[in-house]
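# Observations on the three-dimensional arrangement
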Amino acid sequence: MTATGSSPRGRRGKAALFVVLCGWAGVAPHWLEPPRSLLPAASLTLLLGAYVVRTVLGQLWRRNPPQSSADGPWPGPWPSVDVVVAARDEQAVVGRLVERISRLRYRHGVLRLWVVDDGSEDRTPELLKALEASTPMLRVLRRPRHAGGGKSGALNAVLEQLEGRWMLVLDADAGLQEDLLERLIPQAEQGSWSAMQLRKAVVNAGCNLLTRAQAMEMALDAVVQEGRLAGGGVAELRGNGQLLRREAILRVGGFNEDTVTDDLDLSFRLLLAGEPVGVLWDPPVEEEAVLTIPALWRQRQRWAEGGLQRFFDYWPGLISERLNPAQKLDLTSFFLLQYVLPMVSVVDLLAALVSRTAPTVWPLSIVALGLSGAAFVAGCRRPSEGPPLPAMNPLAAALGITYLMHWFVVIPWVTLRMALLPKRLVWAKTQHLGGDSGIEASADDLPIDPLADPLSDPSTQAS
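Our subject in this report is the structure included herewith. Everything quoted here is computed from the prediction, not taken from an experiment. Throughout this description, residue numbers start from 1 for each chain and increase along the sequence as written. The predicted nature of this model means local features are confined to residues of pLDDT at least 70 and side-chain atom pairs, given and counted, to a pLDDT of 80 or more, with totals for whole chains, interfaces and linings taken over all residues. The basis for the side-chain values is all heavy atoms of the structure; hydrogens and waters are excluded.

With that settled, the discussion passes to the overall build of the protein. A run of H or I in DSSP becomes a helix once it reaches four residues, and a run of E becomes a strand once it reaches two; helices and strands are each numbered from the N terminus. Along its length, the protein carries 14 helices and 11 strands. Contact criterion: two residues are considered in contact whenever any of their non-hydrogen atoms come within 4.5 Å of each other. Within the protein, counting contacts between residues at least 6 apart in sequence, those at least 24 apart form 84% of the total. Surface exposure of the protein reaches about 19,300 Å², of which carbon and sulfur atoms provide 61%. Areas reported here follow the Shrake-Rupley algorithm with a probe of radius 1.4 Å; residue values treat only the protein chains shown as occluding.

A general tendency of soluble globular proteins is for nonpolar side chains to be buried together. Within the largest apolar cluster, 57 residues are counted, with the highest numbers of intra-cluster contacts made by F18, L318 and Y339. At the level of elements, α1 (11-27), α7 (209-230), α9 (262-272), α10 (293-318), α11 (325-355), α12 (362-380), α13 (394-404) and α14 (407-420) are the ones that each hand at least two residues to this core. Note on terminology: a nonpolar core comprises buried Ala, Val, Leu, Ile, Met, Phe, Trp, Tyr and Cys residues joined through side-chain atoms within 4.5 Å. We call a residue buried when its accessible area falls under 20% of the maximum for its residue type, exposed when it is over 50%, and partly exposed in between, using a 1.4 Å probe and counting protein chains only. Judged by nonpolar contacts, the second largest core, of 35 residues, contains L104, L168, L243 and V285.

Right, let's get into α14. To estimate the expected span of a helix, count its residues, drop one, and scale the result by 1.5 Å. With 14 residues, α14 ought to run about 20 Å at 1.5 Å a step, and its terminal C-alpha atoms sit 20 Å apart, in line with that. Within α14, 10 of the 14 residues are buried, leaving the element largely enclosed by the surrounding structure. Packed against the buried residues of α14 are α1, α7, α10, α11, α12 and α13.

Right, let's talk about a nonpolar patch on the surface for a bit. Taken together, the side chains of L349, L350 and L353 make up a nonpolar region of the molecular surface, amounting to roughly 320 Å² of accessible area. Summarising the element assignment, L349 is placed in helix α11. A relative accessible area of 47% places L349 in the partly exposed class. Note that patches include only residues with greater than 30% relative accessible area and no salt bridge, and the join distances are 9 Å for like charges and 5 Å for nonpolar side chains (Val, Leu, Ile, Met, Phe, Trp, Tyr). One speaks of a salt bridge when a side-chain nitrogen belonging to Lys or Arg is within 4 Å of a carboxyl oxygen belonging to Asp or Glu.

Once that is clear, we can look at the packing of aromatic side chains. Only Phe, Tyr and Trp rings are paired, with Trp represented by its six-membered ring, and only when their centres lie within 6.5 Å; those with planes under 30 degrees apart are stacked, over 60 edge-to-face, the remainder tilted. Under the definition given, this model contains 9 aromatic pairs. Taking 5.6 Å as the distance between ring centres and 85° as the angle between the ring planes, the aromatic pair formed by W78 and Y106 counts as edge-to-face. Placement of W78 in the loop between α2 (39-55) and β1 (81-87) and of Y106 in the loop between α3 (94-102) and β2 (111-118) is noted, with a sequence separation of 28 residues between them. Residues F268 and F311 carry aromatic rings whose centres are separated by 5.1 Å and whose planes lie at 85° to one another, so their mutual orientation is edge-to-face. Here F268, found in helix α9, pairs with F311, found in helix α10; they are 43 residues apart in sequence, far enough to count as distant.

Now for unusual backbone geometry. Cis geometry is adopted by the peptide bond preceding P283, which originates at D282 and carries an omega value of -5°. Mapped onto the secondary structure, P283 falls in strand β7 (residues 277-287). Backbone geometry at D89 places phi at a positive 55°, although glycine is not the residue there. Along the chain, the position of D89 falls in the loop between β1 and α3. Located in the positive-phi region is S192, a residue other than glycine, with phi close to 55°. Mapped onto the secondary structure, S192 falls in the loop between α6 (180-190) and β5 (195-202).

A few words on the side chain of R246. Relative to the elements of secondary structure, R246 occurs in helix α8 (residues 246-251). In this charge count, Lys and Arg are treated as positive and Asp and Glu as negative; neither His nor the chain ends contribute. In this structure R246 is buried but unpaired, with D82 as the nearest side chain of opposite charge at 5.4 Å. When neighbours within four sequence positions are excluded, R246 is seen to be in contact with L159, L162, E163, G164, R165 and W166.

With that settled, the discussion passes to the pairing of β5. Of all 8 residues that make up β5, 8 are buried, and the element is covered over most of its length. Two strands qualify as a pair provided that DSSP identifies no fewer than 2 bridges between them. Bridge count for β5 against strand β6 (residues 242-245) is 3 bridges, and the pairing is antiparallel. Residue pairing for β6: Q197 is matched across the bridge by Q242.

A word on the sheet that holds strand β4 (residues 166-170). Paired through backbone hydrogen bonds, the strands of a sheet run either parallel or antiparallel to each other. The mixed open sheet is built from 7 strands, whose spatial order is β3-β2-β1-β4-β6-β5-β7. Of all strands in the sheet, those with a lone pairing partner are β3 (138-143) and β7, marking the two edges. With direction set aside, neighbouring strand axes in the sheet form an average angle of 25°. Two elements, β1 and β4, share 5 bridges in a ladder whose sense is parallel. Directly across from D82, in β4, lies its bridge partner M167. Contacting β1, β2, β3 and β4, α3 runs over the sheet at an angle of about 165° to β2. Between N-to-C directions, angles span 0 to 180 degrees; the directions come from axes that are lines fitted to C-alpha atoms, helices contributing only their stretch in contact.

This part is about the packing of α7 against α12. Their axes nearest at 8 Å, the elements α7 and α12 cross at an angle of 90°. For the element pair α7 / α12, the angle class is roughly perpendicular. Contacts between α7 and α12 involve M216, E217, A219, L220 and V223 from the former and S372, A375, F376, A378, G379 and C380 from the latter. When residues are sorted by character, Ala, Val, Leu, Ile, Met, Phe, Trp, Tyr, Cys and Pro go into the nonpolar class, Asp, Glu, Lys and Arg into the charged class, and all the rest, Gly among them, into the polar class. Classifying every residue of the contact of α7 with α12 by side-chain character gives 8 nonpolar, 2 polar and 1 charged. Comment on the angle field: the value is read as roughly parallel under 35 degrees, roughly antiparallel over 145, roughly perpendicular from 65 to 115, and oblique elsewhere.

Where α3 contacts helix α4 (residues 124-134), the axes come no closer than 10 Å and their chain directions differ by 25°. With respect to their mutual orientation, α3 and α4 come out roughly parallel. Both α3 and α4 take part in a crossing whose hand is right-handed. From α3, V94, G95 and V98 reach across to α4, where they touch L127, L128 and L131. Of the residues assigned to the contact of α3 with α4, the class counts are 5 nonpolar, 1 polar and no charged. By convention the crossing between two helices is left-handed if the near helix lies anticlockwise of the far one by an angle smaller than a right angle, and right-handed if it lies clockwise.

By the criterion of burial, helix α5 (residues 150-159) is predominantly enclosed, with 9 of the 10 residues buried. When α5 is considered as a whole, its buried residues turn out to be G150, K151, S152, G153, A154, L155, N156, V158 and L159.

If the charged atoms of two oppositely charged side chains come close together, the side chains can form a pair. Counted under the stated rule, the structure contains 27 salt bridges. Between E287 and K200 there is a salt bridge, with its nearest N and O atoms 3.5 Å apart. You can see E287 sitting in strand β7 and its partner K200 sitting in strand β5, a full 87 residues away along the chain. A relative accessible area of 11% places E287 in the buried class. Overall, K200 belongs to the buried group, its relative accessible area being 10%. Put simply, R238 and D221 hold a salt bridge, and the shortest N to O gap is 2.9 Å. You can see R238 sitting in the loop between α7 and β6 and its partner D221 sitting in helix α7, a full 17 residues away along the chain. On the accessibility criterion, R238 (18% relative accessible area) is buried.

Fair warning: the whole summary comes from geometry, so function is off the table for now.
Next comes the structure, spelled out in structure tokens:
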């Protein structure tokens, strides 16, 4: 099964057009005399600033944030749930994973764990075989290593065998509270959601400044998701910790095997099909942050490419009558802030250096980064379950803002690569070491090291 409605054809051309348009937007203001050269950026600053204040910072003044459990007892009936994990070479964590899922409380419903062994070459198959014999709820599906489709292919393979109403997709290193399903399922059923995304909480935030910044970023992301949804906008899936209604996934054609980020792609297909996606602050799903800048660089290239691909693939539907005005405004603002602003800012800086004029996009960049800092405060000061969120102070906010500037490098680089180079899909995964500390290895398992040869970095589909 492969998702329909998305085609990888023409992505290079669309990326090239995007580069040209952003280049023109970055250069054109320099043809104007100051202060008129600041008018385009100032106008966008007012519009996007108002949007961010309404959708994101409004969370600061919400007296009654969304509750993490349904109001009152759930009358049932409790639906069956399939927990699904696509695993490749996870010998360090697969035993811990099965133990964690076995501890989940779901007394009134049927719970199964499906692990797709996607061609593991370490001891994962051997460990799964032993666990399968001793764990009645465990089902193991084995695929050849080169079966194709990456993580999406693995999820499609198991999707055909599931019988539960819901499927909870997890990464192999996921950590869960024992009462998660007893709180999550009522929320999903009573809210009539087709999918729900749990807040991602970093377990190794104390390792270094980079992991601390990633923990702050996950809190910011959850605040942004809730704010977008509360304002009539769009919420998105994040891969780990996504609860999916099986029938809804079948209606949109399963998981897209022609994308590098199955979660982002699925978010747009659910949106266009009128299948609502919700978010939940508590309880969270725990995961490990990458430890080094090279690992972060590889991960964020993947995220950036997948994020742009979905806009390139689905733009006709995004501007159609299938979306309401509030959703279109939300997506437009998000696209401008996440993808256009970094591209235009880099071009603006280069144009300023060449023409010996002052940069013109700085008002928008400053406001965007400043409001992001406020969103860090909104997220990290909010009561939360799971691993403690980083304490907020001016230095922590400054760290978060400085950290976010990596997108001003990642987005332009990935966009240029998409426009100039052909794409290859391979399975790229974060290597987990396991252990009580929850620390992961610092490198993705890629066949080509993009830092050694950046131009040969292949497009990847993450685990």
